[in-house]
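Here's the letter readout for the chains.
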Amino acid sequence: MTSGLGLDRAEVVVELGPGTGAITEAIVRQLAPGARLVAVELNPVFAGRLAHRYQGSAVEVVQGSAEDLATFVPYPVDVIVSGLPWTVMPHERQRRILDAAAGALGLSGRFSTFAYVHAAWTPPARRFAAELTARFSTVQRSRVVWPNVPPAYVHRASLPSHTRPPETASGNALTTST
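Sequence order as written defines the numbering, with residues in each chain counted from 1. Per-residue local features of the predicted model are confined to residues with pLDDT of at least 70, and side-chain atom pairs are confined, for both listing and counting, to 80 or more; whole-chain, interface and lining totals are unaffected and use all residues. Side-chain measures were taken over the full set of non-hydrogen atoms in the model, leaving aside hydrogen atoms and water.

Across its full length, the protein holds 5 helices and 7 strands. Segments assigned H or I by DSSP are reported as helices when at least four residues long, segments assigned E as strands when at least two residues long, and all are numbered from the N terminus. Helices and strands appear in the protein in the N-to-C order β-α-β-α-β-α-β-α-β-α-β-β. Across the 178 residues that make up the protein, the buried fraction comes to 44%. Contacts spanning at least 24 positions in sequence make up 66% of the contacts within the protein whose residues lie at least 6 apart. Accessibility throughout is a Shrake-Rupley quantity obtained with a 1.4 Å probe, and a residue counts as covered only by protein chains that appear here. Carbon and sulfur atoms make up 56% of the accessible area of the protein, which amounts to about 9200 Å² in all. Note on classification: 1.4 Å probe, protein chains only; a residue is buried when its accessible area is under 20% of the maximum for its type, exposed when over 50%, partly exposed between these limits. Whether two residues touch is decided by their heavy atoms; if any such pair falls within 4.5 Å, the residues are in contact.

Here it is in structure tokens:
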């Protein structure tokens, strides 16, 4: 999930939904000296454990919602890696988090997340893929990683569409209230 993202060249990396820190560890191993990782975790127990584990390091753990990303990170962000369960969250929350992520990325920023193969053809998974396409100029899907349990693939997106409001799968422009 982290390969090919240029983590070794990134100054600011964000991880959404680090949970127990499995992907966090992979990110930290690839970070350049002086780089910063902001791990945004909603669950206070997981956030506390991660904060303790990475105390005194380049990892800043924030206990909060990915929807509020703008309040947690400096701009622009070079890479966002997400472990969020996109297909089980309400559509509106999905949209707000994707808006926040696309808005935080710089013009050369990259976004990476995973999805499980068994859910790929469900309406929530297809809707999520359409929401990614609405916000990013380039969206790619990796080959299936069969040894993963359950098997999964990675969505990689880049070139946030900052110049126009994102559109939904139905073609309607998204609007956000402030």
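Our next topic: the pairing of strand β3 (residues 59–63). Alignment of strand β2 (residues 36–41) against β3, held across 5 bridges, turns out to be parallel. When the bridges of β3 are listed, V38 appears paired with E60. Handedness of the crossover is the feature at issue here: the chain leaves β2, passes through helix α2 (residues 44–53), returns alongside β3, and the resulting connection is right-handed. Two strands are counted as paired when DSSP detects at least two bridges linking them. Whether a crossover is right-handed comes down to one check: with the strands pointing away from the viewer, does the path from the first strand over the helix to the second run clockwise; if it does, it is right-handed.

Glancing now at the packing of aromatic side chains. Aromatic pairs are defined between Phe, Tyr and Trp rings, using the six-membered ring for Trp, whenever the two ring centres lie within 6.5 Å; interplanar angles under 30 degrees are classed as stacked, those over 60 as edge-to-face, and all others as tilted. Evaluated as defined, the whole model comprises 4 aromatic pairs. Residues W86 and F128 carry aromatic rings whose centres are separated by 4.7 Å and whose planes lie at 25° to one another, so their mutual orientation is stacked. Placement of W86 in the loop between β4 (77–82) and α4 (91–104) and of F128 in helix α5 (residues 123–135) is noted, with a sequence separation of 42 residues between them. In terms of burial, W86 and F128 fall into one category: buried. In this structure an aromatic cluster arises from ring pairing among W86, F111, F128 and F136. Criterion for a charge above a ring: Lys NZ or Arg CZ within 6 Å of the ring centre, and within 35 degrees of the ring normal. The ring centre of Y153 lies 4.0 Å from the NZ or CZ of R141, which sits over that ring.

Salt bridges are identified by distance alone: a Lys or Arg side-chain nitrogen within 4 Å of an Asp or Glu carboxyl oxygen. Scanning the entire structure with this criterion turns up 8 salt bridges. Residue E67 is joined to R96 by a salt bridge in which the shortest nitrogen-to-oxygen separation is 2.3 Å. One end of the pair, E67, is in the loop between β3 and α3 (69–72); the other, R96, is in helix α4, with 29 residues separating them in the sequence. For E67, a relative accessible area of 23% gives the class partly exposed. Connected through shared salt-bridge partners, E67, R93 and R96 make up one network.

V14, L16, L69, V77, I80, W86 and F111 are the most contacted members of the largest nonpolar core, which totals 27 residues. Mapped by element, the contributors of at least two residues to this core are β1 (12–16), β2, α3, β4, α4, β5 (105–116) and α5. Broken down by element, the residue count for this core peaks at 6 residues, all from α4. Excluding residues within four positions of it along the chain, W86 makes contact with Q94, I97, L98, F111, T113 and F128. In this structure, L7, L31, L37 and V59 belong to the second largest nonpolar core, which totals 14 residues. Among buried residues, those of type Ala, Val, Leu, Ile, Met, Phe, Trp, Tyr and Cys that are joined through side-chain atoms within 4.5 Å constitute a nonpolar core.

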